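# Analysis of the macromolecular model
This is what each chain is made of:
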Amino acid sequence: SMVDRVVGDVCAKFDALTHEPNSRQAIEYVWIGGTGPLDLRSRAKVVDRLVITVDDVPDSEFDGVQTNQAPLDSSEVLLKPRALFNDPFRPVGNNKIVLCDCWTPEGRNLASNTRNIATQLFELQKDLQPWFTVEQEYTIFRDGKPLGWPSSTARSFGGPTTQLGYPGPQGPYYCSAGADVSFGRELAEAHLKACLFAGVKISGLHAQPMPGQWAFVVGPCDGIDQGDHLTMARYLLNRVGEYFGCVVSFDPKPIPGDWNGAGCPTSFSTLPMRTAPGGFALIRECMVKLERRHLEHINAYGEGNERRLTGMHETAHIDTFSWGVGNSLGHLRVSRTTEMNDAGFLEDRRPASNMDPYIVTSMLFKTCCLD
């Protein structure tokens, strides 16, 4: 629209402004709010110092009342910098984005700070060198409907309304190319470029089976880095969506019916699992441990997952543990390459798209390596 073009032109003019390098620079502080891992908040602060590493970033604070992280009579929450990234939205100069976790002024971690617990668990067996890769699935919405979904203005009781139509059935949309089957590529590609500039360990993207649904991959990452890089990738995706007037949904079943849901398949390995001979035997032992704690994992793997794990649309039923080699119908899958090489990784397909990466990764590590 004309308004969009004018806004774009104005933004471009300000983006082109420069300032002396290595003088004052903007730091965007990002943290997880009090309502879950998708409650991503941020605020900018200008600092009079050169920031090279995360240790150069000063602590900050915010009013935790509005983020559901503090009471009115003690509202201050401290932000402690943990992971530093380049700022793709302020590319001129040495501007940064820093991912933080949240603490009270007295030094107690907040209940929403699941990163701290995960860090402690990973520190117990650092020599195992746990690696994770997560495929984050999501759905792009604009004007209340997924991209690529038609709408009609049929009259219903009470007056005219916009009703959601349905595209053709699943099949041609997965990893597709073409304007009639691929919806949202511009946003997905912009997000990829933003992650690459920022330094997020993104390793791929592709269209998903449902129109308007996409996935990006983060990893492999070592231990706590997986949660940091996936959280930053989610934040960047929300910010990129602002430029397109789109809202990103991480709902595990955004459209009911004969459509795929959205998950966060998580691949996991340790150095012994990646080493032959004997790596595959260790993976089999992990499956025994994971079966014993299936319900515990399911309860921690995201809200609304029961709408996705139905035994249909490439999922296993939520109540029954299952795994297999090269089997996409199991809760956990091992590649045939891993079996043949006697070393590799396992893939946990249970986590929902709205899962907490710090909880999921540390829980896999705890069950498989510490119990």
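Before reading on, note that the structure itself is shown above.
Keep in mind the model is a prediction, meaning the values are calculated, not measured. (Residues numbered from 1 in each chain as written. Predicted model: local features only at pLDDT ≥ 70, side-chain atom pairs only at ≥ 80, totals over all residues. Heavy atoms only, no water.)

A tally of regular secondary structure across the protein chain gives eight helices and 18 strands. Its C-alpha atoms give the protein chain a radius of gyration of 22 Å, within 12% of the compact-globule value 21 Å for 371 residues. Oriented by its inertia axes, the alpha-carbon framework of the protein chain measures out at about 60 × 55 × 40 Å. Within the protein chain, the proportion of its 371 residues that are buried is 50%. Counting contacts in the protein chain only where the partners sit at least 6 residues apart, residues at least 24 apart contribute 65% of the total. Roughly 17600 Å² of accessible area belongs to the protein chain as shown, and the carbon and sulfur atoms make up 53% of that amount. Considering the protein chain, the positive charge centre built from 35 side chains and the negative charge centre built from 44 side chains are found 1 Å apart. (Helix = DSSP H or I, 4+ residues; strand = E, 2+ residues; numbered from the N terminus. Rg over C-alpha atoms; globule rule 2.2 N^0.38 Å. Buried < 20%, exposed > 50% of the residue type's maximum accessible area, 1.4 Å probe, protein only. Contact = heavy atoms within 4.5 Å. Areas by Shrake-Rupley, 256 points an atom, 1.4 Å probe, with all protein chains shown as cover. Lys, Arg positive; Asp, Glu negative; His and termini not counted. Charge placed at Lys NZ, Arg CZ, Asp CG, Glu CD.)

Quick look at the nonpolar core now. In terms of nonpolar packing, the biggest core is built from 64 residues, with Tyr138, Val200, Met232, Leu236 and Leu346 touching the most fellow members. A per-element tally of this core places helix H4 (residues 225–244) first, with seven residues. If sequence neighbours within four positions are ignored, Met232 has contacts with Val30, Phe85, Ile97, Leu99 and Val200. (Core = buried A, V, L, I, M, F, W, Y, C linked by side-chain atoms within 4.5 Å.)

With respect to the element layout, Lys96 can be found in strand S5 (residues 96–103). Buried charge Lys96 goes without a salt bridge, the closest partner of opposite sign being Asp56 at 8.9 Å. If near-sequence neighbours (up to four positions away) are discounted, Lys96 is found in contact with Gln25, Ala26, Ile27, Glu28, Val51, Leu84, Phe85, Asn86 and Asp87. (Salt bridge = Lys/Arg side-chain N within 4 Å of Asp/Glu carboxyl O.)

To continue, consider the packing of helix H5 (residues 279–292) against helix H8 (residues 357–370). Interhelical geometry of H5 versus H8 gives an angle of 115° and a closest axis separation of 9 Å. Viewed along their axes, H5 and H8 adopt a mutual orientation that is roughly perpendicular. Crossing hand, H5 versus H8: right-handed. Mapping the contact onto sequence places Cys286, Lys289 and Leu290 in H5 and Leu364, Thr367 and Cys368 in H8. A breakdown of the residues in the contact of H5 with H8 according to their chemical character gives four nonpolar, one polar and one charged. (Axes fitted to C-alpha atoms, helices over the stretch in contact; angles between N-to-C directions. Parallel < 35°, antiparallel > 145°, perpendicular 65-115°, else oblique. Left-handed = near helix turned anticlockwise from the far one by under 90°. Nonpolar A, V, L, I, M, F, W, Y, C, P; charged D, E, K, R; others polar.)

Moving on, we come to H5. Here H5 spans 21 Å end to end across 14 residues, near enough to the 20 Å set by a 1.5 Å rise per residue. Within the span of H5, buried status applies to Gly279, Phe280, Ile283, Cys286, Met287 and Leu290. For H5, the angular spread of the buried residues around the axis is 105°, confining them to a single face. Structurally, H5 contributes buried residues whose contacts are with helix H6 (294–300), strand S16 (323–325), strand S17 (332–334), helix H7 (336–341), strand S18 (346–348) and H8. (Expected span 1.5 Å × (residues − 1). Arc of directions from axis to C-beta.)

The first and last C-alpha atoms of H4 sit 29 Å apart over 20 residues, in line with the 28 Å expected at 1.5 Å per residue. With respect to burial, H4 is a largely interior element, 15 of its 20 residues being buried.

For Arg239, the position within the fold is in helix H4. Of the side chains bearing the opposite charge, Glu242 lies closest to the buried Arg239, which forms no salt bridge; the N-O distance is 4.1 Å. Here Arg239 is in contact with Glu28 and Phe89, once residues within four sequence places are set aside.

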